[in-house]
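# Report on the structure
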Amino acid sequence: MALEPCTEVPNQIKTDIPILKERGQREVFCGLTGIVWLHRKMQDAFFLVVGSRTCAHLVQSAAGVMIFAEPRFGTAILGERDLAGLADANEELDRIVDQLLERRPDIGTLFLVGSCPSEVIKLDLAKASERLNQRFFPKVRILNYSGSGIETTFTQGEDACLGSMVPVLPNSYDEPSLMIVGSLADVVEDQFQRLFEKLGIGPVYFFPPRRASKLPPVGKGTKLLLAQPFLSDTVRSLIARGATLLPSPYPFGIEGTTAWLKTAADAWHIDSSQFEQAIAPSVNRAKIALERYRQTLAGRKAFLFPDSQLEIPLARFLSRECGMELVEVGTPYIDRLLMESEINLLPVGTALSEGQDVEKQLDRCRQAKPDITVCGLGLANPLEAEGMATKWSIELVFSPIHGYDQAADLAELFARPLERRRRLTV
Ligand code: SF4
């Protein structure tokens, strides 16, 4: 099960932060949600969910108005006959893929995305993609992964999607290169690209790429720098293909971004004065922009419910750069390999929790009376009705929040609910 704590790496951290591990009822999205941002990132890819009407509703409601813009995702709905085993679901799937590829010649990569129903009836999507590749490759590449709620939580859908691409990445042999792993908004990707150029680091590849047909190469010379903290399986598969992980805090806030860029600069033996010079203008701009929100947030208490695995890096940003007090930092899953550098930056005494028992956590939250609660949509309005200010965590995945130029925007996402509350209070 995807939610079990990772046991592949030593279960030890250097800090004295105890971790509360909980199992119980959860309030989280399934991995299908990842399609909403992944289809925007890879502009020649199509995501075909093989699932039920529930899955179609979920993707449509998460995508909101995007469904009117000829989106590059859809659901092949398993009917009752498929579920009862009366129809050959494989034949039907082939027929739907035929129709889709005929109607949409712009598709270069087609992802067949598994769901709870397709898993329960044991529809083998790996075999289906093999079969379809024989017919459509090289014009269209067909890949598959699972976004089901049984196997994946929210952002783990991106991990599963990227993981499905790793085996088909071209070999780079020993060419030294930097691979940024995790989807970033195009504007952020361009900013980072410019900074890497200024620093003299390269070649730099972004994974996922903007076009799924332009896959980055991987090999012994590849150094991995993670832009997102939820890519456990992808990272391990890339390491298995010879790449080396550069452990680092994540590029959220000024401090996180500097540490992240410094990790790459050190690996490329860039001297400190060149580094300082390259980042100084961005850092100064970001400091001025952030100050305004820091004043709103400093001294306020934050409680983070588990949702996206972004919670620990965000909590680090909120406490160290915005002066917030952390009441509890919940996260669905902690992978030491990916999170060690971040956990070490949390203030001593931070209450960390992994997994969820939602009722117990709600009780702790009510008792602590935080100034702001970061949680999913299912909890936000009920908590608002109880008088608490909330921040919807889904926005943190959909908005550009990485890098220097977004540090103030990130703080603003947390300051906004407090500001709204202040304005509405008479
Ligand atoms: S994949 Fe599972 S959890 Fe996700 S929408 Fe479909 S049925 Fe629900």
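Now for a description of the structure that goes with this document. (Residues numbered from 1 in each chain as written. Predicted model: local features only at pLDDT ≥ 70, side-chain atom pairs only at ≥ 80, totals over all residues. Heavy atoms only, no water.)

### Some thoughts on the pairing of strand β2 (residues 45-51)
Burial within β2 is extensive, with seven of its seven residues counted as buried. Because side chains alternate across β2, one face comprises the buried residues A45, F47, V49 and G51, and the other comprises F46, L48 and V50, equally buried. With six bridges joining them, β2 and strand β4 (residues 109-114) adopt parallel strand pairing. The residue of β4 that forms the bridge with V49 is V113. Where β2 meets strand β3 (residues 73-77), five bridges bridge the pair, whose relative direction is parallel. Across the sheet, the residue bridging to G51 is I77, located in β3. (Buried < 20%, exposed > 50% of the residue type's maximum accessible area, 1.4 Å probe, protein only. Helix = DSSP H or I, 4+ residues; strand = E, 2+ residues; numbered from the N terminus. Pairing = 2+ DSSP bridges.)

### Focus on the sheet that holds β3
If you walk across this open sheet you meet the four strands as β3-β2-β4-β5, and the pairing is parallel. The sheet is open, and its two edges are formed by β3 and β5 (141-146), each paired on a single side. This sheet shows a mean twist of 25° between the axes of neighbouring strands, independent of strand direction. By the bridge criterion, six bridges tie β4 to β5 in an arrangement that is parallel. For T109, the partnering residue across the bridge sits in β5 and is R141. Sheet contacts for helix α1 (residues 34-41): β2, β3, β4 and β5; angle to β2, the most-contacted strand, approximately 155°. Helix-sheet contacts for helix α6 (residues 125-136) involve β2, β4 and β5, and the interaxial angle to β5 is about 170°. (Axes fitted to C-alpha atoms, helices over the stretch in contact; angles between N-to-C directions. Contact = heavy atoms within 4.5 Å.)

### So, the packing of helix α7 (residues 156-165) against helix α9 (residues 232-240)
Here α7 crosses α9 at 20°, and the two axes come no closer than 7 Å. Considered as vectors, α7 and α9 are oriented roughly parallel to each other. The handedness of the crossing between α7 and α9 is left-handed. On the side of α7, the interface is formed by D159, L162 and G163, while α9 contributes S232, D233 and T234. For the contact of α7 with α9, the class distribution of residues is one nonpolar, three polar and two charged. (Parallel < 35°, antiparallel > 145°, perpendicular 65-115°, else oblique. Left-handed = near helix turned anticlockwise from the far one by under 90°. Nonpolar A, V, L, I, M, F, W, Y, C, P; charged D, E, K, R; others polar.)

### Here we look at unusual backbone geometry
Going from F137 to P138, the amide bond is cis rather than trans, its omega being 10°. The topology assignment puts P138 in the loop between α6 and β5. Between F207 and P208 the backbone carries a cis peptide bond, its omega angle lying at 10°. Mapped onto the elements, P208 comes out in the loop between β7 (204-207) and β8 (222-226). One non-glycine residue, K369, lies in the positive phi region at around 45°. Note on placement: K369 falls in the loop between α14 (358-368) and β13 (372-375). A residue is classified by how much of its surface remains accessible, and K369, at 62% relative accessible area, is exposed.

### A short note on the site of the ligand
Taken together, the residues surrounding the ligand are C30, L32, C55, L58, S115, C116, P117, S148 and G149. Elements that contribute at least two residues to the shell around the ligand include exactly α2 (53-63) and α5 (116-120). Among the residues forming the shell around the ligand, the class breakdown is six nonpolar, three polar and no charged. (Near = heavy atom within 4 Å.)

### Things to note about the sheet that holds β7
With parallel pairing, four strands are arranged side by side in an open sheet as β7-β6-β8-β9. Whereas interior strands pair on both sides, the edge strands pair on one side only; in this sheet they are β7 and β9 (244-245). Examined bridge by bridge, strand β6 (residues 177-181) and β8 share five bridges and lie parallel to one another. Counterpart to S177 in the pairing with β8 is T222. Strands in contact with helix α8 (residues 186-199) are β6, β7 and β8; relative to β7, the strand with the most contacts, it is inclined by about 160°. Its contacts with the sheet put helix α10 (residues 253-267) on β6 and β8, and the angle it makes with β8 is roughly 170°.

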